[in-house]
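Summary of the model geometry
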Amino acid sequence: GLLRPSGMFLLALVAQGLTLENGLLRTPPMGWLAWERFRCNIHCDEDPKNCISERLFMEMADRLAQDGWRDLGYVYLNIDDCWIGGRDDKGRLVPDSKRFPRGIAFLADYAHSLGLKLGIYEDMGNMTCMGFPGTTLDTVELDAQTFAGWKVDMLKMDGCFSTSEERAQGYPKMSAALNATGRPIAFSCSWPAYEGGLPPKVNYTLLANICNLWRNYDDIQDSWNSVLSILDWFVKHQDILQPLAGPGHWNDPDMLLIGNFGLSFEESRSQMALWTMLAAPLFMSTDLRTITPQNMDILQNPLMIKINQDPLGIQGRRIYEVLEEVYKRPLTNEASALVFFSRRTDMPYHFHTSLAKLNFPRAKVYDAQNIFSGEIISGLWSENNFTVVINPSGVVMWYLNPVKNMDISETMYQL
Ligand code: GLA
């Protein structure tokens, strides 16, 4: 297995409060997931370009590798529901033979040859949410071995068509079974979303022990309302959820909608910024063959990705809410990210504040870089008042760096 008990290892366990130590996902995973955009389209005769098939995944793999995505960190190519054809005479899962004629191992090889990783989907229950064969308690080990044999790199385990008791047994069992294969397979658990997402029904200490990420809440749909309802739930429960995230174990507010039909330009930027503040996995679910340059810019912003992938892995919080909202995320080297978010729908809102008013330490100097415009404000004191203009349903996002070695003492500043 992957667990090698040693003095150091036990010490690490104590220090980190017993979290899953398969060494994976030290930063939130980035990649592409089929579900939100391509759903359960199995009509390859009518719609060969967009049906769930090896062609779709190979074409997305090509785009990930050739259009700059992979090199920015978007390396996971993840299959979702509706790939399964059934089980063979030995009980092993097999893909739909019409839509995946060369099998999943072939797709994994293809992804690996392009420097990508392949993710797959199953369901802890009698059927997947769309009614394909699920993993039951007696097939957990076999299915884990099948996925490892195919050289799969991630498993999303859904929770439809099972009881709470079956899920309580099945998820830890699958985690152990994946570990026992010896292949590093990141484990994404939808378990909490099926139990209301909150303690005491959800045991997040256990979750962090067995899963690398988990869906806490409802499925995202292609609308701004859906984004807001997910954001609201995560913020409402941030005292519980924020401390759970960290290297190797992440909250998952679900996929990015950017590039699809439901979000405006400002809303697209807002989802990207807010998901980054939440230290969320960045799973795009859009057609990378036809995405516009404007949407690519939002998803490929290097400073945005750097913040999402900050090695400290601390999830951000909403720190201020009146007419507008402010989110803060602490980063390495005493840097931080700020998002100013407006839900207004009338006109750009002029928000007057200062870092001190946002509870930053007094008498400190910062450089602030605007993540979308690139504009830099140098030498911003905590006490300096400033104004940000936030578009309707939009954000202004800053990367804040403390200016070190300022040759000015607090006393001098106060004079
Ligand atoms: C559930 C999950 C979704 C997706 C579908 C597939 O609803 O939450 O993310 O995987 O099942 O059927």
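Because the structure is a prediction, the values reported are computed rather than measured.

Conventions used here
Residues numbered from 1 in each chain as written. Predicted model: local features only at pLDDT ≥ 70, side-chain atom pairs only at ≥ 80, totals over all residues. Heavy atoms only, no water. Salt bridge = Lys/Arg side-chain N within 4 Å of Asp/Glu carboxyl O. Buried < 20%, exposed > 50% of the residue type's maximum accessible area, 1.4 Å probe, protein only. Near = heavy atom within 4 Å. Polar contact = N/O pair within 3.5 Å; in protein donor to acceptor, adjacent residues only side chain to side chain. Areas by Shrake-Rupley, 256 points an atom, 1.4 Å probe, with all protein chains shown as cover. Nonpolar A, V, L, I, M, F, W, Y, C, P; charged D, E, K, R; others polar. Helix = DSSP H or I, 4+ residues; strand = E, 2+ residues; numbered from the N terminus. Expected span 1.5 Å × (residues − 1). Contact = heavy atoms within 4.5 Å. pLDDT = per-residue confidence, 0-100. Core = buried A, V, L, I, M, F, W, Y, C linked by side-chain atoms within 4.5 Å. Disulfide = S-S within 2.5 Å. Axes fitted to C-alpha atoms, helices over the stretch in contact; angles between N-to-C directions. Parallel < 35°, antiparallel > 145°, perpendicular 65-115°, else oblique. Left-handed = near helix turned anticlockwise from the far one by under 90°. Pairing = 2+ DSSP bridges.

**Considerations on the pattern of salt bridges**
With the rule as written, the count across this model stands at 23 salt bridges. Of the charged contacts in the structure, one is a salt bridge between Glu321 and Arg318, with a shortest N-O distance of 3.2 Å. When its relative accessible area of 48% is taken as the criterion, Glu321 is described as partly exposed. Where salt bridges share partners, they join Asp232, Arg318, Glu321, Glu325 and Arg343 into one cluster.

**Examining the site of the ligand**
With respect to spatial proximity, the complete set of residues near the ligand consists of Trp35, Asp80, Asp81, Tyr121, Cys129, Met130, Lys156, Asp158, Arg215 and Asp219. Here Lys156 contributes a side-chain N or O atom positioned 2.8 Å from an oxygen atom of the ligand. Arg215 is positioned with one of its side-chain polar atoms (N or O) 3.2 Å from an oxygen atom of the ligand. For the ligand, the accessible surface in isolation is 310 Å², of which the surrounding protein chains cover 91%. Among the residues forming the shell around the ligand, the class breakdown is four nonpolar, no polar and six charged.

**Observations concerning helix α3 (residues 54–66)**
In a regular helix each residue adds 1.5 Å, so 13 residues correspond to 18 Å; α3 covers 18 Å between its end C-alpha atoms and thus fits that length. Elements that come into contact with the buried residues of α3 comprise β1 (30–33), α2 (35–38), α4 (69–72), β2 (76–78), α5 (103–113) and β10 (282–284). Just beyond α3, the residue with positive phi is Gly68, at close to 95 degrees.

**Comments concerning the confidence of the model for the protein**
Overall, the prediction assigns the protein a mean pLDDT of 94, with 93% of residues at 70 or greater. Considering only residues more than four positions removed or in separate chains, one finds that residues 410–415, a stretch of pLDDT under 50, has six contacts.

**Overview of the nonpolar core**
Within soluble globular proteins, side chains that are nonpolar generally end up buried alongside one another. Among the nonpolar cores identified, the biggest contains 111 residues, and Trp32, Tyr74 and Trp83 are the most heavily contacted of them. Here this core gets eight residues from one element, more than from any other, and that element is helix α9 (residues 224–236). Those residues within four positions of Tyr74 in sequence are excluded, and the remaining contacts are Met30, Gly31, Leu64, Trp69, Leu116, Met272, Leu282, Met284, Leu299 and Ile305. Listed in part, the 17 residues of the second largest apolar core include Val326, Phe340, Tyr366 and Trp398.

**Quick notes on the environment of Lys117**
Looking at the secondary structure, you find Lys117 in strand β5 (residues 117–123). The exposure class of Lys117 is partly exposed, given its relative accessible area of 36%. In sequence terms Lys117 and Met154 are 37 residues apart; their C-alpha atoms lie 7.9 Å from each other. The residues touching Lys117, leaving out its near neighbours within four places in the chain, are Val75, Tyr76, Leu77, Ala111, His112 and Asp153.

**Details of the state of the cysteines**
Counted by the stated rule, this structure contains four disulfides. One disulfide bridge connects Cys40 with Cys82, the sulfur atoms lying 1.9 Å from each other. Judged by the sign of its S-S torsion, about -115 degrees, the bond between Cys40 and Cys82 is left-handed. Of the two residues, Cys40 is situated in the loop between α2 and α3 and Cys82 in the loop between β2 and β3 (84–87); the sequence distance between them amounts to 42 residues. Exposure class is identical for Cys40 and Cys82. Each is buried. Here the disulfide map of the protein reads 1-4, 2-3, 5-6, 7-8, the bonded cysteines being numbered as they appear in the sequence.

**Focus: unusual backbone geometry**
Omega for the peptide link from Pro199 to Pro200 comes to 5 degrees, which places this bond in the cis form. Locating Pro200 in the fold gives a position in the loop between β7 (186–189) and α8 (204–210). A positive phi angle, close to 50 degrees, is found at Arg39, a residue other than glycine. Structurally, Arg39 is set in the loop between α2 and α3.

**Remarks on the packing of α9 against helix α11 (residues 265–277)**
It is at 11 Å that the axes of α9 and α11 come closest, and there the two elements cross at 25 degrees. Classed by the angle they form, the pair α9 and α11 counts as roughly parallel. Seen from above, α9 lies across α11 with left-handed handedness. Touching Trp224, Val227, Ile230 and Leu231 of α9 are Glu267, Ser270, Gln271, Leu274 and Trp275, all from α11. Its residues placed into classes, the contact of α9 with α11 shows six nonpolar, two polar and one charged.

**Details of the sheet that holds strand β16 (residues 376–381)**
Here we have six strands laid out as an open sheet, ordered β11-β12-β13-β18-β15-β16, and antiparallel in their pairing. Bordering the open sheet on either side are β11 (317–321) and β16, each of which pairs with just one other strand. Strand-to-strand twist of the sheet, defined as the mean angle between neighbouring strand axes without regard to direction, takes the value 25 degrees. α9 contacts β11, β12 (324–330) and β13 (336–342) of the sheet and is inclined by roughly 125 degrees relative to β13.

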